[in-house]
Amino acid sequence: FDTRINLFKLKTINKVSSFLSTLVSALILIAILLLVIFFISVAIALLIGEWLGSAYLGFFIVAGIYIIIGLILYSARRKFLRDPISNTLLKELLD
């Protein structure tokens, strides 16, 4: 009986540590990706602003693009966000 409890503890620790390491690495990658997207967005906004002769217009256009992308993601949040994240978390915990 003691052996089963110890085995259960070890399996639980293994699953939790695996899950946490996956979560931390995903968060780090997301943070880096957000920084890259931010700097590319600023560069594109400045470029569009230079083409149009007004920097703020470039930023408005880039913001409008992000609003459109946000609305698309919001309308399809189950397909693109919730289901893949849920599946990944469940797979990590159950394997």
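Scroll up a little and you will see the structure.
Residues numbered from 1 in each chain as written. Predicted model: local features only at pLDDT ≥ 70, side-chain atom pairs only at ≥ 80, totals over all residues. Heavy atoms only, no water.

A. Focus on the overall build of the protein. Along the protein, the regular secondary structure elements total three helices and zero strands. The order of α-helices and β-strands along the protein, N terminus first, is α-α-α. Rg of the C-alpha trace for the protein: 22 Å, well past the compact-globule value of 12 Å for 95 residues, more than 25% over. Each principal axis of the C-alpha distribution contributes one length, and for the protein these read about 75 × 25 × 15 Å. Burial analysis of the protein (95 residues in total) assigns 8% to the buried set. Summed over all atoms, the accessible surface of the protein reaches about 8100 Å², with 76% contributed by carbon and sulfur. Looking at charge distribution, the protein has the averaged site of its 9 positive side-chain charges lying 10 Å from that of its 5 negative ones. (Helix = DSSP H or I, 4+ residues; strand = E, 2+ residues; numbered from the N terminus. Rg over C-alpha atoms; globule rule 2.2 N^0.38 Å. Buried < 20%, exposed > 50% of the residue type's maximum accessible area, 1.4 Å probe, protein only. Areas by Shrake-Rupley, 256 points an atom, 1.4 Å probe, with all protein chains shown as cover. Lys, Arg positive; Asp, Glu negative; His and termini not counted. Charge placed at Lys NZ, Arg CZ, Asp CG, Glu CD.)

B. Fine view of the pattern of salt bridges. Enumeration according to the criterion identifies one salt bridge in this entry. With its nearest N and O atoms 3.9 Å apart, the salt bridge here joins R78 to D83. (Salt bridge = Lys/Arg side-chain N within 4 Å of Asp/Glu carboxyl O.)

C. Highlighting the packing of aromatic side chains. Tallied over the entire structure, the rule returns two aromatic pairs. Ring plane angle 70 degrees and centroid distance 5.3 Å describe the contact between F38 and F39, whose orientation is recorded as edge-to-face. In this structure F39 comes out as exposed when scored by relative accessible area, which is 55%. Their ring planes at 85 degrees and their centres at 6.0 Å tell us that Y56 and F60 sit as a pair that is edge-to-face. Taken as a pair, Y56 and F60 lie in helix α2 (residues 55-75) at a separation of four residues, close to a single helical turn. (Phe/Tyr/Trp six-rings, centres within 6.5 Å; stacked < 30°, edge-to-face > 60°.)

D. View of the layout of surface pockets. A volume near 390 Å³ is recorded for the largest pocket. Contributing to the lining of the largest pocket are 14 residues, with A26, L27, I30, I85 and T88 lying nearest its centre. Among the elements of the structure, α1 (2-52) and α3 (77-94) are those that each provide at least two residues to the lining of the largest pocket. Ranked by the residues each element gives to the lining of the largest pocket, the list is headed by α1, at nine residues. Here the residues of the lining of the largest pocket sort into 11 nonpolar, two polar and one charged. (1 Å grid on protein atoms, 1.4 Å probe; cavity = no way out; pocket = protein on both sides within 12 Å on 5 of 7 lines; lining within 4 Å. Points joined across faces, edges and corners; volume = space filled by probe spheres on them. Nonpolar A, V, L, I, M, F, W, Y, C, P; charged D, E, K, R; others polar.)

E. Fine view of the environment of G70. Mapped onto the fold, G70 is located in helix α2. Sequence separation between G70 and S21 is 49 residues, and the spatial gap between their C-alpha atoms is 29 Å.

Nothing here speaks to function; it is geometry throughout.
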